[in-house]
Amino acid sequence: MAAKEATEMSKSTKIVAGGAAIGIVLLILLPFPFWANLLIVLGIPTAAYLALDPSQRRRLRRSGRKELGR
């Protein structure tokens with residue numbers, strides 16, 4: 001039973017793993033040069049982050065780290 005609990009991933013870990021897998025597949029399959037693929041894979045999440053309001057960015061950073069005492 002303890003081994004099963006140790007192998008379960010949180011929702012955010014699943015999202016990160018899926019995003020990494022999609023990024024690797026895009027780097028391999030898209031017929032663009034490497035720098036263009038890298039720009040797409042890194043640019044879309046960066047643009048989405050910069051589109052957030054400052055309060056939303058704070059909330060995202062706060063929820064992204066583990067806070068002690070909560």
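Bear in mind that the values here come from a model prediction, so they are computed numbers and not experimental data.

The subject of this paragraph is the overall build of the chain. Per the secondary structure count, the chain includes four helices and zero strands. Mapped in sequence order, the helices and strands of the chain form the string α-α-α-α. Out of the 70 residues belonging to the chain, those deemed buried represent 4%. If you sum the accessible surface of the chain, you get close to 6300 Å²; carbon and sulfur atoms cover 68% of it.

The next point concerns helix α3 (residues 34-50). Taking 1.5 Å as the rise per residue, α3 with 17 residues should run 24 Å; its terminal C-alpha atoms sit 24 Å apart, in good agreement. Remark: the principal bend of α3, roughly 30°, maps to Gly-43, with a proline, Pro-45, within the next four residues.

Our focus in this paragraph is a nonpolar patch on the surface. A surface patch of nonpolar side chains, amounting to about 430 Å² of accessible area, comprises Ile-24, Val-25, Ile-28 and Leu-29. Looking at where Ile-24 falls in the secondary structure, it is placed in helix α2 (residues 11-29).

Looking now at the packing of α2 against α3. To characterise two packed helices, one gives the angle between the axes of the helices and the distance between these axes. Where α2 contacts α3, the axes come no closer than 9 Å and their chain directions differ by 155°. One way to sum up the angle between α2 and α3 is to call them roughly antiparallel. Considering the relative orientation of α2 and α3, their crossing is right-handed. Mapping the contact onto sequence places Gly-23, Leu-26 and Leu-27 in α2 and Phe-34, Asn-37, Leu-38 and Val-41 in α3.

Calculation rules
- Residues numbered from 1 in each chain as written.
- Predicted model: local features only at pLDDT ≥ 70, side-chain atom pairs only at ≥ 80, totals over all residues.
- Heavy atoms only, no water.
- Helix = DSSP H or I, 4+ residues; strand = E, 2+ residues; numbered from the N terminus.
- Buried < 20%, exposed > 50% of the residue type's maximum accessible area, 1.4 Å probe, protein only.
- Areas by Shrake-Rupley, 256 points an atom, 1.4 Å probe, with all protein chains shown as cover.
- Expected span 1.5 Å × (residues − 1).
- Bend = angle between axes of the 7 residues up to and from the residue.
- Patch = residues over 30% accessible without salt bridge, like charges linked within 9 Å, V, L, I, M, F, W, Y side chains within 5 Å.
- Salt bridge = Lys/Arg side-chain N within 4 Å of Asp/Glu carboxyl O.
- Axes fitted to C-alpha atoms, helices over the stretch in contact; angles between N-to-C directions.
- Parallel < 35°, antiparallel > 145°, perpendicular 65-115°, else oblique.
- Left-handed = near helix turned anticlockwise from the far one by under 90°.
- Contact = heavy atoms within 4.5 Å.

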